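Okay, here's what each chain looks like letter by letter:
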Amino acid sequence: MVKVANDRALADRHLPEAGVGVDAVGRLRARDGVAGSTLDGPGVVSPGAPGVDGEPEVSGISLRLIAGLAATVHGSVRSQAGRLDVTVDSTAPLRAALRDASAGTRLTHRLVLADAAALAEHGGGLHDVLTALEGASAAAVVVSGLTGRTAAAVAKAAEATGLPLIDVPLDHIATFTTEVLTAILEHQTAVLRRLEDADRALVQIVLAGGSLDDLCEQVVGFLDSAVMVTTTDGRVIARAGSARELEHAAGLECFDRTGRLLTESEPMGPRPDGPTANRAAVRIVAGHLDHGVLIAFCSHRRLTVDDVRLLERAATVAALAITKDQAVSAVESKYRAEFLRDALAGRAGSPTEAVAHASSLGWDINRPMVVVVAETDEDDDRSTRDADEVRFLQQRFARAWTHAVAVRDPRSPVMGFSREVVALIGVPPQADTDQVMRVVGEYVRVVRGDGGGGRRSFSAGVSRPFTSVAALPQAYDEALSAVTVGRQMHGDGALTHVDGLGIYRLLALIPDGADLRRFVSESLRELATDESPEYAGLRETLGVLLDTNLNVAETARLLFFHYNTLRYRIGKLEKILGPFTTDPDLRLTLALALKIHQMRGI
């Protein structure tokens, strides 16, 4: 059997094509299908190209297991307890490891093999050698054939640097090295077979037309955990797992109070040991499009790098399933959108025909409903985003509404158009405005989520309830007015009922904002500007006076003014605006001017 660690002749070049022991290991890898693996030097196992996060495609075995193998051949281990929990997926001779370390290559998960001859080359610089290996994050150093001062110097240097040291007797080093390589190869082969089994099972789900819930069920079978698929902003659209695991997952801090996964703060990929090591998340990506997140939760163990690799395979299959569903949905949505557009415009035929057609599409519109129009607050016409990104963001916004409505009222129509999302929401019979706003407010709260989640800000307008499809066009106009004027009244993120518009609804009908601005300027004069700090206070005083019908005592109480102070302010207002206290027409003009001044976007 070849003593790999002591073979100086092979230290800086590749292994021969044929060799006792080592070649057998190479054949073992080829036989077991470890693709992309080579033996780069004595005992050097390269497990294939690393992933994008720097981790190998397949993990290795625990250093604690390697320490146990050393004990079986009468070796000794010097290490801090926590350092034995790292994994080892390859080995390298000392010269190659130092060369890589000097070139800035990380030696993470690599076991460095050093014999007496290799260490003797560095003489008194053993501390520097081990410091360099520790700085490059080597897993451990295996030494053999050390005696006397050299053994003591290496042990002292290892203790000083904290690098784990495994000392194996010279006559057992070949056996030990072969056992380590065999253990690594058997582990990696098992992992690859598990990944291949997962690939076959998951792809079969897509080919058989299975859903994302079916895919989650299959992943649960491999990981013994709870698995969820969420949208890019964290809404759960599929899940699977035992009741215990799902309950454990729902109670974690990574979900907000609405049940949305906080994807904006949830790291992707493998995680270090810690409080979040029992869950792992990967993105579901198809080309340049991000379709969501696949996340697994396990209450009884930490999820390993190999578990994350399996999740990545599952995420690829999930991307295929989502892309397929979107292609089918796009065709179905085209007909749904055309019908809803016709219904909103009053072109859907008689009420009976419209109700029947809607029923064939899975919608129930023969009941009390309101129209909700939701528009993003960002002006896409002036956006710096390219057209594809704007289209994708609008589609994501529409999907958020579709999911929120489908969970709570699956027979309610909801469609996304180029500029808006229109939803017909069922309400209780004879519902008043407050009841309607509570129902719609719940949908808006779910779509927004807790804290925003990176979603675009949007405003929404709500119509009066209607019970006949014939009234749908009028309700749509009401919702459009509510969302437009509501944003002007309250700013971005407004939720407005048409009955709350009041006089603003009439003001919004004036198409030219320049006319409104001119009216405000002529009516309020210098109070229409903020050139002086007191003008805002005078406008507030005027507004309260008009609201209280010129009740001086009530106005003074509301503004916390002394009676004489308010009298002084009224006199100042009349010098600027005219005798509004005695002229009712002037009071109406000023009241309208103040309302217009409060509107945004004029």
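In this text, all values refer to a predicted model and were calculated from it rather than measured experimentally. (Residues numbered from 1 in each chain as written. Predicted model: local features only at pLDDT ≥ 70, side-chain atom pairs only at ≥ 80, totals over all residues. Heavy atoms only, no water.)

**A look at the overall build of the protein**
- Broken down by element type, the protein carries 20 helices and 18 strands.
- Long-range contacts, defined as pairs at least 24 residues apart, comprise 68% of the intrachain contacts of the protein with a sequence gap of at least 6.
- Put simply, the protein shows about 28500 Å² of open surface, and 53% of that area lies on carbon and sulfur atoms. (Helix = DSSP H or I, 4+ residues; strand = E, 2+ residues; numbered from the N terminus. Contact = heavy atoms within 4.5 Å. Areas by Shrake-Rupley, 256 points an atom, 1.4 Å probe, with all protein chains shown as cover.)

**A look at the sheet that holds strand 12 (residues 279-286)**
- Ordered in space as 11-10-13-12, the 4 strands form an open sheet in which the pairing is antiparallel. Every other strand in the sheet has two partners, leaving strand 11 (236-240) and strand 12 as the edge strands with one partner each. Strand-to-strand twist in this sheet, taken as the mean axis angle between neighbours without regard to direction, amounts to 20°.
- Bridge analysis of strand 10 (residues 226-230) against strand 11 gives 4 bridges, and the strand direction is antiparallel. Bridge pairing in strand 11 links Val-227 to Ala-240.
- Against the sheet, helix 8 (residues 212-223) contacts strand 10, strand 11 and strand 13 (289-297), and its axis sits at roughly 40° relative to strand 11.
- Running over the sheet, helix 10 (residues 305-344) touches strand 12 and strand 13 and is turned about 40° from strand 12. (Pairing = 2+ DSSP bridges. Axes fitted to C-alpha atoms, helices over the stretch in contact; angles between N-to-C directions.)

**Comments concerning the nonpolar core**
- In this structure, Leu-202, Val-219, Ile-284, Leu-294 and Leu-311 are the most contacted members of the largest nonpolar core, which totals 34 residues.
- Counting residues per element, the ones that place at least two in this core are helix 7 (173-207), helix 8, strand 10, strand 11, strand 12, strand 13 and helix 10.
- Sequence-distant contacts of Leu-311, defined by excluding residues within four places in its chain, comprise Val-219, Leu-223, Ala-280, Val-282, Leu-294 and Ala-296.
- Core analysis: the next-biggest nonpolar cluster, separate from the first, contains 30 residues, Tyr-504, Val-520, Leu-524 and Leu-573 among them. (Core = buried A, V, L, I, M, F, W, Y, C linked by side-chain atoms within 4.5 Å. Buried < 20%, exposed > 50% of the residue type's maximum accessible area, 1.4 Å probe, protein only.)

**Description of the pairing of strand 13**
- Most of strand 13 is tucked away, with 7 of its 9 residues classed as buried.
- When strand 10 meets strand 13, the two strands line up antiparallel, connected through 5 bridges. The residue bridging Ala-226 from the neighbouring strand is Phe-297, located in strand 13.
- Where strand 12 lies against strand 13, 8 bridges are found, and the strand directions are antiparallel. Paired with Val-282 across the two strands is Leu-294, which belongs to strand 13.
- Where strand 12 folds back on strand 13, the antiparallel hairpin that results is connected by 2 residues, among which Gly-287 adopts a positive phi of roughly 65°.

**Re unusual backbone geometry**
- At His-109, a position not held by glycine, the phi torsion is positive, near 65°.
- As for its placement among the helices and strands, His-109 is situated in the loop between helix 3 (94-102) and strand 7 (110-115).
- Here His-109 falls in the buried class, since its relative accessible area comes to 15%.
- The backbone of Asp-224 shows a phi angle near 55°, a positive value even though the residue is not glycine.
- Take Asp-224: it is sitting in the loop between helix 8 and strand 10.

**Considerations on the sheet that holds strand 4 (residues 76-78)**
- Taken in spatial order, the 5 strands make up an open sheet running 4-9-8-7-6, and their pairing is mixed. One side of each edge strand has no neighbouring strand; the edge strands of this open sheet are strand 4 and strand 6 (90-93). Adjacent strand axes in the sheet meet at a mean angle of 25°, parallel and antiparallel pairs treated alike.
- Where strand 4 lies against strand 9 (residues 165-168), 3 bridges are found, and the strand directions are antiparallel. The partner of Val-77 across the bridge, within strand 9, is Ile-166.
- Relative to strand 9, helix 2 (residues 63-72) is tilted by about 25°, and along the sheet it contacts strand 4, strand 7, strand 8 (140-144) and strand 9.

**Some words on the pairing of strand 14 (residues 369-376)**
- Buried residues dominate strand 14, accounting for 8 of its 8 residues.
- Here 6 bridges tie strand 14 to strand 16 (residues 421-426), and the two strands are oriented antiparallel to one another. If you follow Ala-374 over to strand 16, its bridge partner there is Val-421.
- Here strand 14 pairs with strand 17 (residues 458-462) via 5 bridges, running antiparallel.

**Details of the pattern of salt bridges**
- Scanning the model with the defined rule gives 23 salt bridges in all.
- Of the charged contacts, one joins Arg-110 and Asp-100 as a salt bridge, the two residues approaching to 2.8 Å between their closest N and O atoms. With a gap of 10 residues between them, Arg-110 in strand 7 and Asp-100 in helix 3 connect regions that are remote in the sequence.
- Asp-100 gets classed as partly exposed once you look at its relative accessible area, which sits at 22%.
- For Glu-534, the salt bridge goes to Lys-572, with nearest N and O atoms at 2.7 Å. Residue Glu-534 is found in helix 17 (residues 534-547), and its partner Lys-572 is found in helix 19 (residues 563-577); the two are separated by 38 residues along the sequence.
- With relative accessibility at 35%, the residue Glu-534 sits in the partly exposed group.
- What emerges from the salt-bridge pattern is a single network uniting Arg-194, Arg-301 and Asp-307. (Salt bridge = Lys/Arg side-chain N within 4 Å of Asp/Glu carboxyl O.)

**Digging into helix 5 (residues 126-135)**
- For helix 5, the complete set of buried residues consists of Leu-126, Val-129, Leu-130 and Leu-133. On an axial view of helix 5, the arc spanned by its buried residues comes to 90°, and they lie on one face.
- Immediately beyond the C-terminal end of helix 5, within one or two residues, lies Ser-137, with a positive phi of roughly 65°. (Arc of directions from axis to C-beta.)

**Focus on the side chain of Thr-230**
- For Thr-230, the position within the fold is in strand 10.
- When neighbours within four sequence positions are excluded, Thr-230 is seen to be in contact with Arg-235, Val-236, Ile-237, Leu-261, Thr-263, His-291, Gly-292 and Val-293.

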